[in-house]
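# Descriptive structure summary
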Amino acid sequence: MPVLYDRLLKLKEMFNSKFGSIPKFYVRAPGRVNIIGEHIDYCGYSVLPMAVEQDVLIAVEPVKTYALQLANTNPLYPDFSTSANNIQIDKTKPLWHNYFLCGLKGIQEHFGLSNLTGMNCLVDGNIPPSSGLSSSSALVCCAGLVTLTVLGRNLSKAKLIEFSPLRATDVKLPSGAVFVIANSCVEMNKAATSHFNIRVMECRLAAKLLAKYKSLQWDKVLRLEEVQAKLGISLEEMLLVTEDALHPEPYNPEEICRCLGISLEELRTQILSPNTQDVLIFKLYQRAKHVYSEAARALQFKKICEEAPENMVQLLGELMNQSHMSCRDMYECSCPELDQLVDICRKFGAQGSRLTGAGWGGCTVSIVPADKLPSFLANVHKAYYQRSDGSLAPEKQSLFATKPGGGALVFLEA
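Reference entry: report on the structure contained in this document. (Residues numbered from 1 in each chain as written. Predicted model: local features only at pLDDT ≥ 70, side-chain atom pairs only at ≥ 80, totals over all residues. Heavy atoms only, no water.)

This brings us to the sheet that holds strand β7 (residues 352–356). Strand pairing in a sheet relies on backbone hydrogen bonds. The paired strands run either parallel or antiparallel. If you walk across this open sheet you meet the 4 strands as β7-β8-β6-β9, and the pairing is antiparallel. The outermost strands of the open sheet, each flanked by one partner alone, are β7 and β9 (399–402). Adjacent strand axes in the sheet meet at a mean angle of 25 degrees, parallel and antiparallel pairs treated alike. Sheet topology places β7 next to strand β8 (residues 363–369); 5 bridges connect them, and they run antiparallel. Residue pairing in the sheet places arginine 354 in a bridge with valine 365 of β8. (Pairing = 2+ DSSP bridges. Helix = DSSP H or I, 4+ residues; strand = E, 2+ residues; numbered from the N terminus. Axes fitted to C-alpha atoms, helices over the stretch in contact; angles between N-to-C directions.)

Structure below.
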């Protein structure tokens, strides 16, 4: 890990010049890329993420006062200080330090602690922000580990899984291919967009209409997976039910009320969230089709990895291509730049390419045969990033091959 060692040394120097002291320990948490399974986790289905080599590093020195001082090596992110005993998180503003405070507060509340010690922290990250590679999640995770280490506490694996009911299964990825991440350089501001909130509500409404169609107790149903579980049928059969129960034309609130036998007032106050109460059209058929087909693709991807047939890379690539088409056409979470980047990646040797993360900007992930990697990187760089109009001036983080990276770590100063 020579590159990481160099970064730690540089971080130590910067910490010393900032705070006039030496860090006691360092914490690392990786970014991640979702290889397949987009917008289905909040519907109850499995996804296939991979830790990448890019990460967040934090240098930490506990102090004897209650002062919490946060600084960032990136000058775009201003310093922040507060009292460790009075953590207030302003949910209206997506400020960088709020992600740190969330990690700290999560651990504090989990252990029921009232008093926390102060600390000086310097944050360094090389995950491109707002790109769908979970830079904010890595910062939250890092801050949680920082807090645990300062307190001398541990979270067992079982506790982590219990935190939000997760089950994790290792999937062995193909050895003859690499995953390449390409940043479209279009940033999607999560806090400013209503796209995501509407999609979540469309999935919820689709689940309720499907449940009603199948004479289930629809008012208790929140997720599309619950409908499948209650019916005890396959994802392929759920796609057929969707064809029967829902129509491709968008639904308006009045029609949803007629289907469910409720009033507009009940829809607004009991089902719709405050940020979706003024939405006039809901595309329920398209969203349900995407979720059930994408959930099936994620399971198929895992099965192919386990069985490892000769044409494994080609088969996985086909699933990734189908995933992008569904994200683009059925979930409508792509954008022209992502579509162009996916086309370029396929043209120059990717067996499969798709948007990754929430979409509406951010990154693509492509599966590329290892022997084609050098020419692939050179050609994609030229075709997408070296535009004649000079509209993109990307950093070197915009296009990179990545192997599955390691998990979160704590380094102690010797």
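Following the structure, the description resumes.
This part takes up unusual backbone geometry. Backbone geometry places serine 134, a non-glycine residue, at a positive phi of 60 degrees. The phi dihedral of glutamate 332 is positive, around 50 degrees, even though this residue is not glycine. With respect to the secondary-structure elements, glutamate 332 resides in the loop between α11 (312–329) and α12 (336–347).

On to the side chain of threonine 356. Tracing the backbone shows threonine 356 in strand β7. The exposure class of threonine 356 is buried, given its relative accessible area of 0%. At 2.7 Å, the side chain of threonine 356 and the backbone oxygen of asparagine 34 are in polar contact. Beyond its immediate stretch of four places on either side in the chain, threonine 356 contacts Val33, Asn34, Glu38, Ser131, Gly132, Cys363, Thr364 and Val365. (Buried < 20%, exposed > 50% of the residue type's maximum accessible area, 1.4 Å probe, protein only. Polar contact = N/O pair within 3.5 Å; in protein donor to acceptor, adjacent residues only side chain to side chain. Contact = heavy atoms within 4.5 Å.)

Spatially, the 6 strands line up as an open sheet ordered β4-β3-β5-β2-β1-β10, and their pairing is mixed. Each edge of the open sheet carries a strand with a single partner, namely β4 (80–83) and β10 (409–412). On average, adjacent strands in this sheet sit at an angle of 20 degrees to one another, irrespective of strand direction. Two strands pair when backbone bridges link them, and strand β1 (residues 25–36) and strand β2 (residues 48–63) are joined in this way by 10 bridges, in the antiparallel orientation.

The next point concerns the packing of α11 against α12. At their nearest, the axes of α11 and α12 sit 12 Å apart, and the two run at 165 degrees to each other. Classified by the angle between their axes, α11 and α12 sit roughly antiparallel to one another. Here α11 runs over α12; the crossing is left-handed. Listed contacts from α12 to Asn321, His324 and Arg328 of α11 are Asp339, Val342 and Arg346. A class-by-class count of the residues in the contact of α11 with α12 yields 1 nonpolar, 2 polar and 3 charged. (Parallel < 35°, antiparallel > 145°, perpendicular 65-115°, else oblique. Left-handed = near helix turned anticlockwise from the far one by under 90°. Nonpolar A, V, L, I, M, F, W, Y, C, P; charged D, E, K, R; others polar.)

Bridge analysis of strand β3 (residues 67–72) against β4 gives 4 bridges, and the strand direction is antiparallel. Residue pairing for β4: alanine 67 is matched across the bridge by serine 83. The pairing of β3 with strand β5 (residues 118–125) spans 5 bridges and is classified as parallel. When the bridges of β5 are listed, leucine 70 appears paired with cysteine 121.

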